[in-house]
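# Descriptive structure summary
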Amino acid sequence: MPFTPLHYPVGYGLSKVDRRLSFPGLIVGSVIPDVEVLVLRFFFPNLLDHLVLHSLVGGLTLGTLIAVFVTRFLYPPIILGLFGVNRKLLDDACKITPSLVLSCIMGAFFHILVDISMHWYNPVFWPWVNPLDIVGPLVLLFAFEGDIQLGFLRANVFLNVIMVILWLIILIRNRGENLWERIWLGERPPSSG
Ligand SMILES: [Zn+2]
C-alpha cells in the first residue's frame, strides 16, 4: 500500500497525460494490486502479503485482467449506488475498449512503482528476484538508525500524508456541481460540452 484508496491521485494524475485514456480504468488499475493483500493474508499466511499482483509479471497480466473485469462489472453499480453518478455516462465510460485495457495496465504499473518506493520488500521482479532483496528507496532514506522497519513506518506515513494532501487538492479543484461525476468519471473533454 499506501492505504489502498490513497492510490487514487496517481490514477487521477495519469488521466491528465492523455484525455483518450479511460478514467475508470486508470482508477481501478491503480488500486487493483492491493486486492491480493487480504487474499494472501487469509489463505496463504506463510507467504508475503504483497506478491503476485505487486510483481510486473503478475500485475500487468492477472492484475490487468481483474482490473478490466472490475471496471466493467463492479465499478458502475458501486459508483452508481454510492454516489448517484449519471448511469448512462457511467456505462459508456466503463465499456471495454483498447483504451480501457491500456488504462488498467498503466494504473497497475504505477501502483507497483509507488509501492516500491516505500516498501521494505518488493516482489517487482518476482518470481526471479527475491522480494526481500529489494528495499524501497524511501525506506532506506528514512531508516536513519539503520532500522528498516522504522524506515518503512516513516516512509509509509510520509507517502500517505502526501496522498491525503493530493486527495484534498483534487476534491477542492473539482468542488461544485457534478463533483462525484468528475471524481469517478473524470473531467469531460471540452468538445463533449
Ligand atoms: Zn499495493
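Residues numbered from 1 in each chain as written. Predicted model: local features only at pLDDT ≥ 70, side-chain atom pairs only at ≥ 80, totals over all residues. Heavy atoms only, no water.

Quick look at the coordination of the zinc ion now. Taken together, the protein ligands of the zinc ion are Asp 34 (OD), His 54 (NE2), His 111 (NE2) and Asp 115 (OD), with distances of 1.9 to 2.1 Å. For the zinc ion, the four donor atoms are set out with angles of 90 to 164 degrees between them, so the coordination reads as irregular. Spacing between the donor residues of the zinc ion along their common chain follows D-x19-H-x56-H-x3-D. With a gap of 77 residues between them, Asp 34 in the loop between helix H2 (23-31) and helix H3 (35-43) and His 111 in helix H7 (residues 98-118) connect regions that are remote in the sequence. Residue classification places Asp 34 among the buried residues on the basis of a relative accessible area of 7%. (Donors = N, O, S within 2.8 Å, 3.2 Å for Na, K, Ca; no water. Tetrahedral: all angles 85-135°; square planar, octahedral: opposite > 155°, others 65-115°. Helix = DSSP H or I, 4+ residues; strand = E, 2+ residues; numbered from the N terminus. Buried < 20%, exposed > 50% of the residue type's maximum accessible area, 1.4 Å probe, protein only.)

This part is about the layout of surface pockets. Roughly 480 Å³ of volume is contained in the largest pocket. Lining the largest pocket are 21 residues, and of these Arg 19, Leu 21, Phe 23, Ala 93 and Leu 185 sit closest to its centre. Where the lining of the largest pocket is concerned, the elements lending two or more residues are H2, helix H6 (87-93), H7 and helix H10 (179-185). Counting residues per element, the lining of the largest pocket draws most heavily on H6, which supplies three residues. Tallied by class, residues from the lining of the largest pocket come to eight nonpolar, five polar and eight charged. Lining the second largest pocket are 15 residues, and of these Ile 27, Val 28, Val 31, Tyr 75 and Trp 184 sit closest to its centre. Those elements that place two or more of their residues in the lining of the second largest pocket are H2 and helix H5 (75-83). (1 Å grid on protein atoms, 1.4 Å probe; cavity = no way out; pocket = protein on both sides within 12 Å on 5 of 7 lines; lining within 4 Å. Points joined across faces, edges and corners; volume = space filled by probe spheres on them. Nonpolar A, V, L, I, M, F, W, Y, C, P; charged D, E, K, R; others polar.)

With that out of the way, let us pick up the packing of aromatic side chains. The geometry of an aromatic ring pair is captured by two quantities: the separation of the ring centres and the angle between the planes. Across all of its chains, the model carries 14 aromatic pairs by this definition. With a centroid separation of 5.6 Å and an interplanar angle of 75 degrees, the aromatic rings of Tyr 8 and Trp 184 are classed as edge-to-face. On the criterion of sequence distance, the pair formed by Tyr 8 in helix H1 (residues 8-15) and Trp 184 in helix H10 is long-range, its members being 176 residues apart. Look at Trp 184 and you get buried, because its relative accessible area is 13%. Plain terms: the ring middles of Phe 109 and Phe 110 are 5.5 Å apart, the flat faces sit at 90 degrees to each other, and that makes the pair edge-to-face. (Phe/Tyr/Trp six-rings, centres within 6.5 Å; stacked < 30°, edge-to-face > 60°.)

Turning our eyes to something else, we now look at the pattern of salt bridges. This structure, assessed with the given rule, holds seven salt bridges. Taking the shortest distance from any N to any O, the salt bridge between Arg 20 and Asp 18 comes out at 2.7 Å. Residue classification places Asp 18 among the partly exposed residues on the basis of a relative accessible area of 25%. Salt-bridge contacts for Arg 173 lead to Glu 187; the nearest nitrogen and oxygen are separated by 3.3 Å. Taken together, the residues span a long stretch of sequence, with Arg 173 in helix H9 (residues 148-173) and Glu 187 in the segment after H10 at a distance of 14 residues. Overall, the relative accessible area of 54% leaves Arg 173 in the exposed class. By relative accessible area, which is 27% here, Glu 187 ends up partly exposed. A single salt-bridge network, built from bridges that share partners, covers Lys 16, Arg 173 and Glu 187. (Salt bridge = Lys/Arg side-chain N within 4 Å of Asp/Glu carboxyl O.)

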